[in-house]
Amino acid sequence: ECPSGVVNEDTFKDIYAQFFPQGDASTYAHFLFNAFDTDHNGSVSFEDFVMGLSILLRGTVQEKLIWAFNLYDINKDGFITKEVHYVLIISVNNGRSQD
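The name that an unreviewed UniProt entry assigns to the chain is Kv channel-interacting protein 4, with the source organism given as Ameca splendens. Heading Sequence similarities (unreviewed entry) of the UniProt record for the chain holds this comment: "Belongs to the recoverin family."

Here, the residues flagged by UniProt with the feature "domain: EF-hand" (unreviewed entry) are residues 24-59 and 60-95. The distance from the first to the last C-alpha atom of residues 24-59 is 30 Å, and the span holds 67% helix and 8% strand.

Here we take up helix 1 (residues 9-17). Residues of helix 1 that are buried: Glu-9, Phe-12 and Tyr-16. All buried residues of helix 1 project into a common sector of 60 degrees when viewed along the axis, lining one side. Away from its buried face, by an angle of more than 90 degrees, helix 1 presents the exposed residues Asp-10 and Asp-14. Those residues of helix 1 that are buried lie in contact with strand 1 (6-8) and helix 2 (26-36). Where helix 1 begins, one side-chain oxygen reaches toward the backbone nitrogen of Asp-10, 3.2 Å away; that side chain belongs to Asn-8.

Parameters at a glance
For every chain, the first residue of the written sequence is number 1, and numbering continues from 1 onward in sequence order. Per-residue local features of the predicted model are confined to residues with pLDDT of at least 70, and side-chain atom pairs are confined, for both listing and counting, to 80 or more; whole-chain, interface and lining totals are unaffected and use all residues. Excluded from the side-chain calculations are hydrogens and water; all other atoms, namely the structure's heavy atoms, are used. UniProt positions are given in the numbering used here, feature names are shortened, and annotations may be inferred rather than shown by experiment. Numbering of helices and strands starts at the N terminus; helices are DSSP runs of H or I of at least 4 residues and strands are runs of E of at least 2. Burial classes follow relative accessibility: with a 1.4 Å probe on protein chains only, a residue under 20% of its type's maximum area counts as buried, one over 50% as exposed, and anything between as partly exposed. Think of it as the arc spanned by the lines of direction from the helix axis to the C-beta atoms. The contact rule is simple, with two residues in contact once any of their heavy atoms fall within 4.5 Å. Definition of a polar contact: a pair of N or O atoms within 3.5 Å, with one able to donate and the other able to accept a hydrogen when the atoms are protein atoms, and with sequence-neighbouring residues admitted only if both atoms are side-chain atoms.

Set out below in structure tokens:
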């Protein structure tokens, strides 16, 4: 899908959607893309992706919490409000099968 080792948001969403064929995972994929795009250049390199996975799999508790907070702080204001939490819950639910 990405021979250059770099994906833009649309390609990331297409790849992510393959894991959730019965739902619409595009909103949550947007949030994930932004979490992996740490330098905010509109693309996720293989290095960006591996660094994020490394934190999630082998990081300290503090590093994992920071990464997760960054994922859920979708407007990057330093807060996770009830409204933002609601948007996230809806986006996760939309990605699930509606059977």
